[in-house]
Structures are given as C-alpha cells and as structure tokens.
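Report on the structure
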Amino acid sequence: MKKVVSLLLVSALLIGALSACKRNEPEPEPAPPEPVTPTYDYQDGEYAVSYAVPALDRTLDYLTISIKNDEITIVEAGCKEDVSLPAPSEETSGDAASAPTEPAAPSEPASSDASSEAAPAGESEYEAKANAQMKDIVAEYEAVEGDLERMEPVEGAEEHTYRFMRMMRTALKFAKAGDHTPVELGKYEDGSYEAVMPSFSASGWKDYVRLTVKDGLITDIDFNAQKESDPSVLITDDPDLNKEGATDSPSVYYPAIAKAFTDSNENLDSLSVPTGGAAAAKSFQKLMKPLLASMISGGGTQITAPRYVDGTYKAQMKEFDEHGWKDYVVVQIRSDKVSVKEFDAVSKADENKLKSQDAEMAAQMEEKTGTSPEAYTKELRSNLDAAGGDPVEMDTVAGATVSSNNFRLLVGQILATAAVNGDTEKTLEVESFPADLGPAEEEAASASQDAA
C-alpha cells in the first residue's frame, strides 16, 4: 500500500513539474504576414504619341510620358512644323479642301510674353508659337492634377489642348497594356458621332449633325433637323418648307453647309454661308464646335450642344430713366455658365460718370432702403447664381426693385438672343418695364440727380 501511495505522489510531482515547464515555455512567434504586392493601373516605362496630321497652324503635336508606380511624368510635349507642307506664300487659295489652313489671326497663346519674343534658334515662327501654347496646356494639365475631364481648353490654343488630351488618353491606354510601341494619330478619333441641339427651336425643329470618322478622317456627314411634332419628319424633306425649284430652301442649304465645311478643310472659321442658310449655318457651328473638340480629344461620341455660345455680351436700357441713368450689363458665358462681369448705370449728364461712383446717392439709398448700388449688384449676382443663371427664377433685391427688374431684363435679353447666336459684336438695346421706381429708390435717385 505504501508503495502505491509513493508511486502516486511521485506521479503527481512529475505531472506538476511538467506543467510548470510547459507554462514557462515562450509563446510561439506568429507567422509573418504575407507581403502585399501593390497593384498598379499602368505598367512602368516610357510611352510616345505624336500626330501624323498637322493642326491648323501647320504643326505636329508630340508627347512622351514616363510612368513609374503609376506616377506620370511628362518627358516632353511640344509641336514641330510639318515641313512637307508648302510654304505659306506658295499655298494656293483656289483649293481650300486640299490646302492647309494658316493659323487664325486671333489665336494668340495665353502666354503672350512667350509668343511675342523672336522664335528660339532652330524653331520656326509656327513652332515657337505652338510650343509657347503647349507650355500653357501642360500647366493647365498640372493644375487639374492630371484629370483630363477637368481640363479647360487654353484660350487661343483650343485645338492643341484637345490634341494634347487625346495624346495623353492614348498614351495611358497603351500604358495599361504595357505596349511601348510609338503611336501616330490621325486627325480625329475613329467612331460614329452625333451632336444635337439642347432643345427644339421656336419653329419646332431640332438640328443635329451625324458623322463617321474612319482612319482619322470624316467619311460621311449629315446635317439636318427633326420636327418636334413628328421626329420622323426631317426639315430637308418637309414639303411646306421646300418648294419645288426653290434655291433657298432647307433641302438646298442644309447639305450645302455640310459640304462647305468639308470643302474648307473642316475649318469652321472659313465656313461659307449659302443663300437662306444664315441661321442654319450658326446652328451648324454651334453643333460642330463641341463635336470637333470631342473628335480631336478622343472624348465622347454623343454630344449635346451648349445652349449658349461662349463669349462676352453687353446690353443696355434703350432710354435714360427719368432721373438720368441708363443701366447696362456685361455678361460672360463659358460652357453655359453665366457670369455677370458688370452691372452699372451711366449718367446722362456725364457719360463718364457711373452710378456705382456716386457716393452721395449710395449713402442716401442705404439710409432709406438698407442697400446701395454696390451692395445690390453683389446680391443680384449671387441671386442669379443661386437660380442657376436663370434671370426669370432669381430673387429680387429688397430696396432695389427697379434695378432688379432691369438686371433681369438685360441678362434675359442677352440669353434669349445674342448668346444663342453668338452675337458678341453689338450692344443690345432693351426696352424698360412700364413700372415706377420704389419710393426710396426714387428719392435717392432724384436727390442725386439734383445734386449733379
């Protein structure tokens, strides 16, 4: 029995010792995590893209980018003159379709200092100007952190901006596949394109352009309009608008405008207008401008034309009011965004005097109404922005009812007429509302005029 007890005690001691040893053993180290291999959208290397067809200014764009771990670096971006073209003095004016188009006169690069200097050694005049523009284009690209969808065309260098965008899109496409083959681009991106007006006209028609690009060139183009009441009816087929034998009907001038475009080397600035087709030609230009931008830049194929034509417009009241002031407004439109640059009034007694400069009137008006020309102009701009650029929907400024109404009239007339057609040359004359001044506004205006 004693032996059994002794054996049990020994066993217990051994088990306890073994348990203590096990407790004192260090915990095993966790297995190291599997290394994470980063994934990238693009494959490293250099990618080169260039144009085989010159821009309107006779230059060929080129771009080389380098990619390392998805970091994109522009190695070089520039333009070189196409020396295969005849010198400008040798170009003939009789064949606009085959002769290259010289640079448009107003196409000044954004960096005027660079373009005004003499061309650097080894560069032609065309190259110097285009390369100065390309620097501004690259700066715009960097300003939007490489987001091509946010890029705005550089003023005076629109074509080169769109060409740069297409070169970059092409380079990134090849970088995804890791294809380092240098790429040469044709004039336009291949595809089937359509541009339509944003709404039907007052006469019930909606213009459109449909075209096909193959191997970088336009192979066919159709300019026409659909009827609002029956979209299957085209304006060129409407019997009411196309009298037999008429030479100024839509069936004649719609296709003539499309042909004039192709005959002018696809240059909208050189577009000839057939008899009776002035309004249609403006519509065609409005459709083709964004369509060309997309074709050149490699963007979308379905385009809705902007409602307004980019530009700066001015309108003024037709008559001075009874207190000797004439309101005017200056509006700038870019990509359908309406911005009021000026809203003021000139004095009949002194054409160099503006209402905003009349401190006495401002003080009296602020005392009576709590606002002033400077204050209500700022508020009117804000109200227009809040209404999405729609003067009909914007709020009136308290204490400046007449000025608010005139503001609405002037901006509204610009948007209804000049901005639709792109008429930036003339100042619109607008009739006033048949309404009286509010008491406080009238008193301030009258006192100011008496003082003058």
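Scroll up to find the structure this text is about.
Presented here is a report on the structure given in the accompanying data block.

The rules behind the values
- Residues numbered from 1 in each chain as written.
- Predicted model: local features only at pLDDT ≥ 70, side-chain atom pairs only at ≥ 80, totals over all residues.
- Heavy atoms only, no water.
- Core = buried A, V, L, I, M, F, W, Y, C linked by side-chain atoms within 4.5 Å.
- Buried < 20%, exposed > 50% of the residue type's maximum accessible area, 1.4 Å probe, protein only.
- Helix = DSSP H or I, 4+ residues; strand = E, 2+ residues; numbered from the N terminus.
- Contact = heavy atoms within 4.5 Å.
- Polar contact = N/O pair within 3.5 Å; in protein donor to acceptor, adjacent residues only side chain to side chain.
- Phe/Tyr/Trp six-rings, centres within 6.5 Å; stacked < 30°, edge-to-face > 60°.
- Lys NZ or Arg CZ within 6 Å of the ring centre and 35° of its normal.

1. Remarks on the nonpolar core
Phe164, Leu211, Phe223, Phe284, Met288, Leu291 and Met295 are the most contacted members of the largest nonpolar core, which totals 60 residues. Here the element with the most residues in this core is helix H6 (residues 278–297); it accounts for 10 residues. For Phe284, the contacting residues outside a window of four places in its chain are Val209, Ile221, Phe223, Ile257, Ala258, Phe261, Leu268 and Leu271. Counting residues in hydrophobic clusters, the runner-up holds 27 residues, among them Tyr376, Phe407, Ile414 and Leu415.

2. Some points on the environment of Ser201
Positionally, Ser201 belongs in the loop between strand S5 (191–196) and strand S6 (205–214). Measuring from C-alpha to C-alpha, the distance between Ser201 and Lys227 comes to 9.6 Å, with 26 residues separating the pair along the chain. Within the local environment of Ser201, its side chain forms a polar contact with the side chain of Ser203, the two groups lying 3.0 Å apart.

3. Overview of the packing of aromatic side chains
With the rule as written, the count across this model stands at six aromatic pairs. Taking 5.1 Å as the distance between ring centres and 85 degrees as the angle between the ring planes, the aromatic pair formed by Phe343 and Phe407 counts as edge-to-face. In this pair, Phe343 sits in strand S11 (residues 337–347) while Phe407 sits in helix H9 (residues 401–421), placing the two residues 64 residues apart along the sequence. Residue class for Phe343 comes out buried when judged on its relative accessible area of 6%. By relative accessible area, which is 0% here, Phe407 ends up buried. For the cation-ring pair, Arg58 lies above Tyr126, with the distance from its terminal atom to the ring centre recorded as 5.2 Å.

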